[in-house]
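Given next are the chains, with one letter for each unit.
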Amino acid sequence: MHLSENVNIQKLQRGDKSEFEKIYLDLFDVLFALCFQYTNNKNVSEGIVQDSFLRLWEIKEELKENTNVRNLLYTIAKNKCLNYLRDQQTEL
């Protein structure tokens, strides 16, 4: 299944919670695995994934009709992981 082909961007833009929940359920595990590869920390990874979905919700009205939601969430999560790792380095 290709999530990007099955996401109704218009519903998401209008704040349809069932559309958002569908995306969440389809991608949470994959995003968690991605984040865990970067952080090697379960709690941090879960937090980053949650923050990534929150960011999607915050920008939902700005999405274009052809937005690939899967790629967008991957990019958001990856960038949040890299920011986390950078911040960990500066604390040392």
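Each value, and the rule that gives it
- Residues numbered from 1 in each chain as written.
- Predicted model: local features only at pLDDT ≥ 70, side-chain atom pairs only at ≥ 80, totals over all residues.
- Heavy atoms only, no water.
- Bend = angle between axes of the 7 residues up to and from the residue.
- Helix = DSSP H or I, 4+ residues; strand = E, 2+ residues; numbered from the N terminus.
- Buried < 20%, exposed > 50% of the residue type's maximum accessible area, 1.4 Å probe, protein only.
- Core = buried A, V, L, I, M, F, W, Y, C linked by side-chain atoms within 4.5 Å.
- Contact = heavy atoms within 4.5 Å.

## Observations regarding helix 3 (residues 17–39)
At leucine 27, helix 3 is deflected by roughly 45°, the largest bend along its length. Listed in full, the buried residues belonging to helix 3 are Glu19, Phe20, Ile23, Leu27, Phe28, Leu31, Leu34, Cys35 and Thr39. Following helix 3 by one or two positions, asparagine 40 has its phi on the positive side, about 55°.

## What about unusual backbone geometry?
Of note in this structure, asparagine 40 is not a glycine but carries a positive phi near 55°. Within the secondary structure, asparagine 40 is located in the loop between helix 3 and helix 4 (42–59). The class of asparagine 40 is exposed, set by a relative accessible area of 60%.

## Re the nonpolar core
Ranked by internal contacts, the top residues of the largest apolar core, which has 21 residues, are Ile23, Leu31, Phe53, Leu56, Val69 and Leu73. For this core, the secondary-structure elements that each account for two or more residues are helix 2 (9–13), helix 3, helix 4 and helix 5 (69–91). Examining the composition of this core, we find that 7 residues originate from one element, helix 3, more than from any other. Filtering out sequence-adjacent residues up to four positions away, leucine 56 remains in contact with Leu12, Phe20, Ile23, Leu63, Val69, Leu72 and Leu73.

Don't take any of this as a statement about function, it's just geometry.
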